[in-house]
Each structure stands twice: as C-alpha cells, then as structure tokens.
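Letter by letter, the chains look like this.
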Amino acid sequence: VQLQASGGGLVQAGESLRLSCAASGTIGSIGVMGWYRQALGQQRVLVAAITTGGTPNYADSVKGRFTISRDNAKNMVFLQMNSLKPEDTAVYYCSVPIFTRGTWRTYWGQGTQVTVSS
C-alpha cells in the first residue's frame, strides 16, 4: 500500500490550495482519513479528519477556512484550503488507516510543502 500526496505550493496570503492524497495497492477497508501538518521546528498536529461516513472534524485554527472530503470509491482524501495565512505554512501529511492482508495499519503520505507568503 502506498499513499501519494500532491497539491502543495507557494501562494500569497488569502489564496487557496487543494491537497489530494490517493491510496493504492491491496486495500480491504479504509478508516478515518486525516491531514496533519508540521511546521519547521514544531510537532506534527492534526488539521482535519473525516470519518468513513463523511463526518468532518477540524482543528480550531482552520475551522471555516479548510474543508476535508473523501472519495471512497477512489480511495482518496482531499483538503481544500481557503483564505490561507502565513501561519498555515508547513509540510502537510495525509494519514490513512488501511485494513490490508488481515491487519489494520496507518499509512502516511510523503508530505507536501505549503508555503504562504504575507
């Protein structure tokens, strides 16, 4: 199983980006999908998560600006980021628990850099 994340980049404050993450390989089931971020010198923190049924949950710092969604048929999770701020600058990682070959395991994407200039 592999996760491939994409969509990061350099934008100005107030602009938008959309991150995508696709799981591929031998996949039985997928659980709650999430996006984390890690700013330079800081710990990785949860930004948003979405249940299998589509219920989202957000960190307070991104509520009202970010929207998480998923496509269960394509094993993908997305993060629409609007009204970006310089403090959103970080490496963003997708995290997906996957049932494969008889066990659950959490897989991580490779990380995609988001840089927001003021």
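This is a predicted model, so every value here is computed, not measured.

**As for the pattern of salt bridges**
Reasoning step 1: For the structure on display, the rule yields three salt bridges.
Reasoning step 2: Here Lys-63 ties to Asp-60 by a salt bridge, and the two come within 3.1 Å at their closest N and O atoms.
Reasoning step 3: Each of the salt bridges in this network shares a partner with another, and the network as a whole consists of Arg-37, Arg-65 and Asp-88.

**As for unusual backbone geometry**
Reasoning step 1: Phi angles above zero are rare outside glycine, and Asn-75 is one such case at about 55°.
Reasoning step 2: Checked against the element boundaries, Asn-75 lands in the loop between β8 (66–71) and β9 (76–81).
Reasoning step 3: Unlike most non-glycine residues, Ser-83 shows phi in positive territory, near 50°.
Reasoning step 4: Mapped onto the fold, Ser-83 is located in the loop between β9 and β10 (90–100).
Reasoning step 5: The exposure class assigned to Ser-83 is partly exposed, which follows from its relative accessible area of 40%.

**So, the state of the cysteines**
Reasoning step 1: Counted according to the given criterion, the structure contains one disulfide.
Reasoning step 2: The residue that forms a disulfide with Cys-21 is Cys-94, at a sulfur-sulfur distance of 2.1 Å. Taking the torsion about the S-S bond as the criterion, the Cys-21 to Cys-94 disulfide, at about 60°, is right-handed. Of the two residues, Cys-21 sits in strand β3 (residues 17–24) while Cys-94 sits in strand β10, which places them 73 residues apart along the sequence.
Reasoning step 3: With relative accessibility at 1%, the residue Cys-21 sits in the buried group.
Reasoning step 4: Cys-94 gets classed as buried once you look at its relative accessible area, which sits at 0%.

**Regarding the environment of Ser-20**
Reasoning step 1: Secondary-structure assignment places Ser-20 in strand β3.
Reasoning step 2: Accessibility expressed as a relative area gives 15% for Ser-20, which makes it buried.
Reasoning step 3: Spatially, the C-alpha atom of Ser-20 lies 19 Å from that of Gly-53, the residues being 33 residues apart in sequence.
Reasoning step 4: Filtering out sequence-adjacent residues up to four positions away, Ser-20 remains in contact with Gln-4, Ala-5, Ser-6, Trp-35, Met-76, Val-77 and Phe-78.

**Re the pairing of strand β11 (residues 103–108)**
Reasoning step 1: Taken together, the six bridges between β10 and β11 define a ladder with antiparallel strand orientation. Considered in β11, the bridge of Ser-95 is made with Trp-108.
Reasoning step 2: The hairpin formed by β10 and β11 contains two residues between the paired strands, and Arg-101 there has a positive phi angle of roughly 50°.

**Some words on the side chain of Arg-65**
Reasoning step 1: Inspection of the secondary structure assignment puts Arg-65 in the loop between β7 (56–58) and β8.
Reasoning step 2: Overall, Arg-65 belongs to the buried group, its relative accessible area being 10%.
Reasoning step 3: Within the structure, the side chain of Arg-65 is placed 2.9 Å from the backbone oxygen of Ser-61, a separation counted as a polar contact.
Reasoning step 4: Dropping the residues within four chain positions of it, Arg-65 is found in contact with Gln-80, Met-81, Asn-82, Ser-83, Leu-84, Lys-85 and Asp-88.

Thresholds applied
Residues numbered from 1 in each chain as written. Predicted model: local features only at pLDDT ≥ 70, side-chain atom pairs only at ≥ 80, totals over all residues. Heavy atoms only, no water. Salt bridge = Lys/Arg side-chain N within 4 Å of Asp/Glu carboxyl O. Helix = DSSP H or I, 4+ residues; strand = E, 2+ residues; numbered from the N terminus. Buried < 20%, exposed > 50% of the residue type's maximum accessible area, 1.4 Å probe, protein only. Disulfide = S-S within 2.5 Å. Contact = heavy atoms within 4.5 Å. Pairing = 2+ DSSP bridges. Polar contact = N/O pair within 3.5 Å; in protein donor to acceptor, adjacent residues only side chain to side chain.

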